[in-house]
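# Fold and geometry: a report
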Amino acid sequence: MPTALTRVLRPLIRAHLTALRLLLVFTVLCGLAYPLLITGFAQLALSRQADGSRLHQDGHVIGSSLLGQSFDLPKKNPDDPKERPLPDPKWFQPRPSAGGYDPTASGASNLGPNSSALTGSVDDRRAAVAAFDGVDPAAVPPDALTASGSGLDPHISPGYAHEQVDRVARARGLDPQVVRRLVDGYVTGRVLGFLGEPRVNVLELNLALSQFG
């Protein structure tokens, strides 16, 4: 004859065994079967995107179309952490980055619109970009002056890309019209025709530019 303790424990044990079986079932379904299914579908239907939208040159991965990166001249003293690298005039330059284009340090500067440090850095960038591209400081577009929220935005505006055409053409000894047509070919329109703004992927554009030598 079951004791009072047994009568109490039996439903508890059955409930825990049921919960354990459900845990095992959903662990297999959600933790193994579903991820394998989605991974397999992604590799079959969207393999490039699933692998990180990597871009290749001469059989080597040179970056991802999803991540911005710098295009600088080699440092004179690579071991000097205080030496700031200078932008390479032969390449189209990306937006500024608060994290130095480091994907492990993605983020913004967190400086507000009333910050004197922010306004000072914008003024410094305006002067530097204008001198580098040989344009009027008033003509420098906003995306050349402010970093994106992630610090890894791979795109610039068509206006900023066109601003750099003459400088890139001059540094490479190319006809500016050739470089301008190249830029026009890499302008991506708004998503679905109305979302976002037209943009140019800097890495993809520079990859195409490298074919000119």
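The sections below set out a description of the structure shown in this document. (Residues numbered from 1 in each chain as written. Predicted model: local features only at pLDDT ≥ 70, side-chain atom pairs only at ≥ 80, totals over all residues. Heavy atoms only, no water.)

## Thoughts on the nonpolar core
Residues Phe92, Val140, Ile156, Val179, Val183 and Leu205 are the most contacted members of the largest nonpolar core, which totals 25 residues. Within the residue set of this core, elements represented by two or more residues are helix 3 (116-133), helix 4 (158-163), helix 5 (165-172), helix 6 (176-185) and helix 7 (202-209). The dominant element in this core, judged by the number of residues it contributes, is helix 7, at six residues. Aside from chain neighbours lying at most four places away, what touches valine 140 is Arg126, Val129, Ala130, Val135, Leu145 and Glu163. (Core = buried A, V, L, I, M, F, W, Y, C linked by side-chain atoms within 4.5 Å. Buried < 20%, exposed > 50% of the residue type's maximum accessible area, 1.4 Å probe, protein only. Helix = DSSP H or I, 4+ residues; strand = E, 2+ residues; numbered from the N terminus. Contact = heavy atoms within 4.5 Å.)

## Comments concerning the sheet that holds strand 3 (residues 155-156)
Sheet strands pair by backbone hydrogen bonding; their relative direction is either parallel or antiparallel. With antiparallel pairing, three strands are arranged side by side in an open sheet as 3-5-4. Edge positions in the sheet fall to strand 3 and strand 4 (187-188), since each has one partner strand and no second. Of the strand pairs in this sheet, strand 3 and strand 5 (residues 199-201) are connected by two bridges, and their pairing is antiparallel. Its bridge partner being in strand 5, isoleucine 156 is matched across the sheet by valine 200. (Pairing = 2+ DSSP bridges.)

## Structural notes on helix 7
In an α-helix, one turn spans 3.6 residues; hence positions three or four apart end up facing the same way. Most of helix 7 is tucked away: seven of the eight residues are buried. Buried within helix 7 we find Val202, Leu203, Leu205, Asn206, Leu207, Ala208 and Leu209. Taken together, the buried residues of helix 7 touch strand 1 (54-57), strand 2 (60-64), strand 3, helix 5, helix 6 and strand 5. With a side-chain oxygen positioned 3.2 Å from the backbone nitrogen of leucine 203, the residue opening helix 7 is asparagine 201. (Polar contact = N/O pair within 3.5 Å; in protein donor to acceptor, adjacent residues only side chain to side chain.)

## Section: the pattern of salt bridges
Scanning the model with the defined rule gives five salt bridges in all. For the salt bridge of aspartate 153 with arginine 95, the shortest nitrogen-to-oxygen distance reads 3.4 Å. On the criterion of sequence distance, the pair formed by aspartate 153 in the loop between helix 3 and strand 3 and arginine 95 in the loop between strand 2 and helix 3 is long-range, its members being 58 residues apart. A relative accessible area of 23% places aspartate 153 in the partly exposed class. The closest approach of N and O atoms between arginine 190 and glutamate 197, which form a salt bridge, is 3.0 Å. Take arginine 190: its relative accessible area is 38%, and that puts it in the partly exposed class. (Salt bridge = Lys/Arg side-chain N within 4 Å of Asp/Glu carboxyl O.)

## Re the side chain of glutamine 164
Inspection of the secondary structure assignment puts glutamine 164 in the loop between helix 4 and helix 5. On the basis of relative accessible area, glutamine 164 is assigned to the buried category, the value being 0%. A distance of 2.6 Å separates a polar atom in the side chain of glutamine 164 from the backbone nitrogen of glutamine 93. Leave out the neighbours within four places in its chain, and glutamine 164 touches Trp91, Phe92, Gln93, Asp133 and Ile156.

## A closer look at helix 5
Those residues of helix 5 that sit buried are Val165, Arg167, Val168, Ala169 and Arg172. Where helix 5 is buried, its residues touch helix 3, helix 4, helix 6 and helix 7. Count one or two residues on from helix 5 and you reach glycine 173, which has phi positive near 70 degrees.

Everything listed here is a matter of coordinates, which is why it stays silent on function.
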